[in-house]
Amino acid sequence: KAGVTQTPRYLIKTRGQQVTLSCSPISGHRSVSWYQQTPGQGLQFLFEYFSETQRNKGNFPGRFSGRQFSNSRSEMNVSTLELGDSALYLCASSLASAAKNEKLFFGSGTQLSVL
Amino acid sequence: AQTVTQSQPEMSVQEAETVTLSCTYDTSESDYYLFWYKQPPSRQMILVIRQEAYKQQNATENRFSVNFQKAAKSFSLKISDSQLGDAAMYFCAYRSATAKYIFGTGTRLKVLA
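Residues numbered from 1 in each chain as written. Chains lettered and ligands numbered in written order. Predicted model: local features only at pLDDT ≥ 70, side-chain atom pairs only at ≥ 80, totals over all residues. Heavy atoms only, no water.

**Topic: the side chain of Gln37(A)**
Part 1 of the reasoning: Mapped onto the secondary structure, Gln37(A) falls in strand S4 (residues 31-38).
Part 2 of the reasoning: Here Gln39(B) takes part through its side chain, which lies 2.8 Å from a polar atom of the side chain of Gln37(A).
Part 3 of the reasoning: Apart from residues no more than four positions distant in its own chain, Gln37(A) is found in contact with Gly42(A), Leu43(A), Ala87(A), Leu88(A), Leu90(A), Gln39(B) and Phe91(B). (Helix = DSSP H or I, 4+ residues; strand = E, 2+ residues; numbered from the N terminus. Polar contact = N/O pair within 3.5 Å; in protein donor to acceptor, adjacent residues only side chain to side chain. Contact = heavy atoms within 4.5 Å.)

**A few points about the state of the cysteines**
Part 1 of the reasoning: This structure, assessed with the given rule, holds two disulfides over all chains.
Part 2 of the reasoning: Between the sulfur atoms of Cys23(A) and its disulfide mate Cys91(A) the distance is 1.7 Å. Because the sign of the S-S torsion sets the handedness, a value of about -50° for the bond joining Cys23(A) and Cys91(A) places this disulfide among the left-handed ones. Of the two residues, Cys23(A) sits in strand S3 (residues 19-24) while Cys91(A) sits in strand S9 (residues 87-94), which places them 68 residues apart along the sequence.
Part 3 of the reasoning: Using a relative accessible area of 0% as the deciding quantity, one classes Cys23(A) as buried.
Part 4 of the reasoning: By relative accessible area, which is 0% here, Cys91(A) ends up buried.
Part 5 of the reasoning: The residue that forms a disulfide with Cys23(B) is Cys92(B), at a sulfur-sulfur distance of 2.0 Å. The S-S bond linking Cys23(B) to Cys92(B) shows a torsion near -65°; that makes this disulfide left-handed. (Disulfide = S-S within 2.5 Å. Buried < 20%, exposed > 50% of the residue type's maximum accessible area, 1.4 Å probe, protein only.)

**A closer look at the sheet that holds strand S1 (residues 5-7) of chain A**
Residues and elements named next belong to chain A.
Part 1 of the reasoning: Spatially, the four strands line up as an open sheet ordered S1-S3-S8-S7, and their pairing is antiparallel. Looking at which strands have only one partner, the edges of the open sheet turn out to be S1 and strand S7 (64-68). The average angle at which neighbouring strand axes cross in this sheet is 15°, direction not considered.
Part 2 of the reasoning: Sheet topology note: the S7/strand S8 (residues 74-78) ladder contains five bridges and is antiparallel. Looking at S8, one finds that glycine 66 is bridged to methionine 76. (Pairing = 2+ DSSP bridges. Axes fitted to C-alpha atoms, helices over the stretch in contact; angles between N-to-C directions.)

**Details of the interface of chain A and chain B**
Part 1 of the reasoning: Facing the 28 residues of chain A at the interface are 22 residues of chain B.
Part 2 of the reasoning: Interface of chain A and chain B: buried area, both sides summed, is about 2,100 Å²; carbon and sulfur atoms make up 50% of it.
Part 3 of the reasoning: At the junction of chain A with chain B, the criterion picks out six residue pairs in polar contact (both at pLDDT 80 or more).
Part 4 of the reasoning: Element by element, the count of residues in the side of chain A that touches chain B is highest for strand S5 (residues 42-50) of chain A, at four residues.
Part 5 of the reasoning: Here the side of chain A that touches chain B is composed, by residue class, of 10 nonpolar, 12 polar and six charged. (Buried area = accessible area lost by both parts, 1.4 Å probe. Nonpolar A, V, L, I, M, F, W, Y, C, P; charged D, E, K, R; others polar.)

**Some remarks on the nonpolar core**
All names here are of chain B.
Part 1 of the reasoning: One finds Tyr25, Trp36, Phe75, Leu77, Tyr90 and Leu109 to be the most contacted residues of the largest nonpolar core, which totals 26 residues.
Part 2 of the reasoning: Those elements that place two or more of their residues in this core are strand S3 (19-21), strand S5 (33-39), strand S6 (46-52), strand S8 (64-69), strand S9 (74-79), strand S10 (88-95) and strand S12 (107-112).
Part 3 of the reasoning: It is S10 that provides the largest number of residues to this core, a total of four residues.
Part 4 of the reasoning: Non-local contacts of tyrosine 90, meaning those with residues more than four positions away in its chain, are made with Gln6, Leu21, Trp36, Tyr37, Lys38, Val48, Phe64, Leu77, Ile79, Gly106, Thr107 and Leu109. (Core = buried A, V, L, I, M, F, W, Y, C linked by side-chain atoms within 4.5 Å.)

**Re unusual backbone geometry**
All names here are of chain A.
Part 1 of the reasoning: Of the consecutive residues threonine 7 and proline 8, the connecting peptide bond is found in the cis state with omega at -10°.
Part 2 of the reasoning: Positive phi values are uncommon outside glycine, yet glutamate 52 reaches one of about 70°.
Part 3 of the reasoning: Looking at the secondary structure, you find glutamate 52 in the loop between S5 and strand S6 (53-57).
Part 4 of the reasoning: Taking relative accessible area as the criterion, glutamate 52 reaches 46% and is therefore assigned partly exposed.
Part 5 of the reasoning: For serine 72, which is not a glycine, the phi torsion comes out positive at approximately 80°.

**A closer look at the pairing of S5(B)**
Residues and elements named next belong to chain B.
Part 1 of the reasoning: Within S5, seven of the seven residues are buried, which leaves it mostly tucked inside the rest of the structure.
Part 2 of the reasoning: Taking every second residue as pointing to the same face, both faces of S5 are buried, with Tyr33, Phe35, Tyr37 and Gln39 on one and Leu34, Trp36 and Lys38 on the other.
Part 3 of the reasoning: Direction of pairing for S5 relative to S6: antiparallel, over a ladder of six bridges. From the neighbouring strand, leucine 34 faces S6, where its bridge partner is glutamine 51.
Part 4 of the reasoning: Linking S5 back to S6 in an antiparallel pair, the connection comprises six residues, with arginine 43 at a positive phi of about 80°.

The following block contains the structure:
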């Protein structure tokens, strides 16, 4: 079974641009969550989607948005990029979001650099 | 709001020795789960071990075990017989009743040959 796939692996953008990141979960997984990882800040939760609906949202500005398609694939969009948006963006999938002990399966992330 | 604190940014351990990574958390909830995830240089995070808050028995997975002190809100990870492949970033995580994950800032573990 293929793992969680994130594309692209690396991305370089300039301030003011927008970017879209893609995440394909493990087949059968219906929950997809996104995290921003920066040195010293650890992982910060962006949002979670389950069956095309946003179930949870972190404390990020409205420039960060996402969506999930009927095949569970998810996209994350960041508009009007700022230098501080430079980070590793990780996507994780799980079977369902209801079980608290359910483990996450992570992709290898997209490293975004904003110049 | 829940918080997770990892106070050790970096730790080193000799190969075959034992190391303990610390994690503390703050919550007013009584039902939750705690996790340790490992992030190797490949960047793909992998679950190491998980603990249910209502279980007093500490979880164990082969060379990895936890010391869960619920009253003290402490959840440390012990790695026995450390191997070179254990070198990675380790993240402690808390999962709330709303299913939102909260991660610590991570501890970078170096294993010395």
